[in-house]
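# Observations on the model geometry
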Amino acid sequence: MKDNIKITTTQSSRLSSVDFNNLSFGNIFSDHMLICNFKNSSWEIPQIVPYQPITLDPSSKIFHYGQSIFEGLKAYKDVDDNIFLFRPKDNAQRLNISAKRLAIPEIPEEFFLEGLKKLLAVDKDWIPNSPGSSLYIRPFIFASGQGFHASPADEYKFIIATSPSGSYFSGKVKVLIEETFSRSANGGVGFAKAGGNYAGQFFPTQLALKKGYDQVIWTDDTSHEYIEEAGAMNIFVRIKDTLITVPTNDRILDGITRKSILKIAEEEGISVEIRKISVSELVASSKAGTLREMFGAGTAAVVSPISTFGFRGIDYHIPEFDNTYADLLKNRITAIQTNKVEDNYGWRVKI
Ligand SMILES: *Cc1c(COP(=O)(O)O)cnc(C)c1O
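Residues numbered from 1 in each chain as written. Predicted model: local features only at pLDDT ≥ 70, side-chain atom pairs only at ≥ 80, totals over all residues. Heavy atoms only, no water.

### Things to note about the site of the ligand
Our working rule: Throughout this document, a residue counts as near a molecule or strand when at least one of its heavy atoms sits within 4 Å of that molecule or strand. Nitrogen and oxygen atoms within 3.5 Å of one another constitute a polar contact, given that in protein one can donate a hydrogen and the other can accept it, and given that sequence-neighbouring residues count only through two side-chain atoms. Using the Shrake-Rupley algorithm and a 1.4 Å probe, accessible areas are obtained, with residue cover drawn only from the displayed protein chains. Helix and strand assignments come from DSSP, with helices taken as H or I runs of at least 4 residues and strands as E runs of at least 2, each series counted from the N terminus. Classification convention: Asp, Glu, Lys, Arg as charged; Ala, Val, Leu, Ile, Met, Phe, Trp, Tyr, Cys, Pro as nonpolar; all other residues, Gly among them, as polar.
Taken together, 14 residues sit near the ligand, with Lys193, Tyr198, Glu229, Thr257 and Thr299 positioned nearest. Between lysine 193 and the ligand, the recorded distance is 2.7 Å, taken from a side-chain N or O atom to an oxygen atom. A distance of 3.3 Å separates a nitrogen atom of the ligand from a polar backbone atom of alanine 232. Bound to the protein, the ligand loses 97% of the 380 Å² it would expose on its own. At the level of secondary structure, the elements contributing two or more residues to the shell around the ligand comprise strand S13 (233–239) and helix H5 (256–267). A class-by-class count of the residues in the shell around the ligand yields five nonpolar, five polar and four charged.

### What about the domain arrangement of the chain?
Our working definition: Here the limits of each domain have been adopted from an automatic or database domain assignment. We call two residues in contact when some of their heavy atoms are within 4.5 Å. Accessible area, probed at 1.4 Å, shrinks when two parts are joined; the buried area is that loss added up over both. We count a salt bridge whenever a side-chain nitrogen from Lys or Arg sits within 4 Å of a carboxyl oxygen from Asp or Glu.
Entries for the chain in the domain assignment read domain 1 (2–165) and domain 2 (173–337). Between the C-alpha centres of domain 1 and domain 2 there is a distance of 28 Å. Listed by partner, the interface residues are 19 residues for domain 1 and 20 residues for domain 2. Buried area between domain 1 and domain 2, both sides added, is near 1700 Å², and the carbon and sulfur share of it is 62%. Taken together, the links from domain 1 to domain 2 amount to one salt bridge. The shortest N-O distance in the salt bridge between lysine 259 and aspartate 90 comes to 3.0 Å. Between domain 1 and domain 2 we count 11 residue pairs in polar contact (both at pLDDT 80 or more) in total. For the side of domain 1 that touches domain 2, the element with the most residues is helix H2 (residues 88–101), which contributes six residues.

### With respect to helix H7 (residues 325–337)
The condition that has to hold: The span one expects for a helix is its residue count, reduced by one, times 1.5 Å. Burial status follows relative accessibility: with a 1.4 Å probe on protein chains alone, a residue under 20% of its type maximum counts as buried, one over 50% as exposed, and anything between as partly exposed.
In a regular helix each residue adds 1.5 Å, so 13 residues correspond to 18 Å; H7 covers 18 Å between its end C-alpha atoms and thus fits that length. For H7, the set of buried residues is Tyr325, Ala326, Leu329, Ile333, Ala335, Ile336 and Gln337. Phi turns positive, to about 65°, at asparagine 339, one or two residues after H7.

### A short note on empty space enclosed by the protein
Short version of the rule: A cavity here means a set of points on a 1 Å grid, drawn over the protein atoms and nothing else, where a 1.4 Å probe fits but cannot get out; a pocket is an open set with protein on both sides within 12 Å along at least five of seven lines, and a residue lines either one if it has an atom within 4 Å of a point. Grid points are joined across faces, edges and corners, and a volume is the space filled by probe spheres set on the points.
All told, the structure shown has three cavities of 30 Å³ or more when counted by the stated rule. In terms of lining residues, the largest cavity is bounded by 13 residues, among which Tyr76, Phe86, Thr257, Thr299 and Gln337 are the most central. Going through the elements one at a time, strand S6 (73–77), H5 and H7 are the ones with two or more residues in the lining of the largest cavity. Top element by residues in the lining of the largest cavity is S6. It accounts for three residues. For the lining of the largest cavity, the residue count by class is six nonpolar, six polar and one charged. Split by domain, the lining of the largest cavity shows at least three residues from each of two domains, domain 1 (2–165) and domain 2 (173–337).

### Quick look at the pattern of salt bridges
Taken as a whole and assessed by the stated rule, the structure comprises 17 salt bridges. A salt bridge links glutamate 109 to lysine 89; its shortest N-O distance comes to 2.8 Å. With glutamate 109 in helix H3 (residues 109–122) and lysine 89 in helix H2, the pair connects residues that are 20 residues apart, well separated along the chain. Among the residues examined, lysine 89 registers a relative accessible area of 43% and is labelled partly exposed. A salt bridge links aspartate 315 to lysine 174; the shortest N-O distance between them is 3.4 Å. Taken together, the positions of aspartate 315 in strand S18 (residues 314–317) and lysine 174 in strand S10 (residues 173–177) put the pair 141 residues apart, joining distant regions of the chain. By relative accessible area, which is 25% here, lysine 174 ends up partly exposed. If you follow the salt bridges from partner to partner, you end up with Arg238, Asp241, Arg292 and Glu293 in one network.

### Here we look at the nonpolar core
Here is a general trend for soluble globular proteins: nonpolar side chains tend to be buried in one another's company. The condition is simple: The set of buried Ala, Val, Leu, Ile, Met, Phe, Trp, Tyr and Cys residues whose side-chain atoms join them within 4.5 Å is what this entry labels a nonpolar core.
If you look at the biggest cluster of nonpolar residues, it comprises 37 residues, and the most contacted ones within it are Trp43, Ile141 and Phe158. Where this core is concerned, the elements lending two or more residues are strand S2 (32–39), S6, strand S7 (83–86), H2, H3, strand S8 (134–143) and strand S9 (156–165). Element by element, the count of residues in this core is highest for H3, at six residues. Beyond its immediate sequence surroundings of up to four residues, isoleucine 141 is in contact with Trp43, Gln67, Ser68, Ile69, Leu95, Ile104, Ile107, Tyr156, Lys157 and Phe158. Formed by 23 residues, the second largest nonpolar core is a distinct cluster that contains Ala230, Ile252, Val283 and Phe309.

Structure below.
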């Protein structure tokens, strides 16, 4: 299959116009993209073309019924400019888990994996190698098929676009525990990486921003008593020396960073629990001084430490100290991703 991927390279590279020393997140796009069409009941062979706008009919179902899913992963360079991906097969598999739930046709895993490798080979000079930076990769599928009829589209596009990026969050975040709105519901699409999940998060997050917070902690949709995710990241809490995260279910995205952290923590001899965490337990441990850390986990930031959580008008601060689990886990994962240490898990994939 990979030898059939047609590559059309750009006549005018934008590479020299990019300041690789001042990258922010996700607003500069590499010269090329991969595009693959689903037509006549099958996925056609992907193509690599210059990064460019796409034309869609106004009746394309993405606009009306939101059939849209995505993934997020990164390519890293080591000091010798070797290129690596981190657990890309997990992203390919998760894209298809999302596809199934949104009635989008599943894409052959090799279209994703082999297509991505070819795309990275073409745009290898777009992968930054300074510490903390990487090439953010955004694979996505949406319904391009036409018609106002409320039913799954008959045509889709799978695209991989990439963006050289610096680090995602800077500094610790202040979060607000959300008790009114829900990110996801029982039986819903919370476990899928569906665009609509994000659309639904924006308004409650804007309200939190207005109150001076950076992010929302989502709670369960039924009782709002248990924490579930930190914005669009999985949540971890350290009480005394135990690292706790909540079990995944159909409301929670099964994060690859979360899974990797659990594995590394276990291997580091950290005591780990996977169980429900109630807001009242957080408040009680904060008051008792046993709540030592809270952080979000996801590809973009790896680990995003939380300094404060707000609940019912009161801010609970988490005291700072050295040698946090957040730092340890972030350093371990980053070292594996960037080929600085041995990878005992088979997570790193050399391109
Ligand atoms: C993508 C995402 C995560 C993190 O997943 P990773 O695979 O670690 O990047 C967590 N929660 C939500 C809601 C997400 O969309």
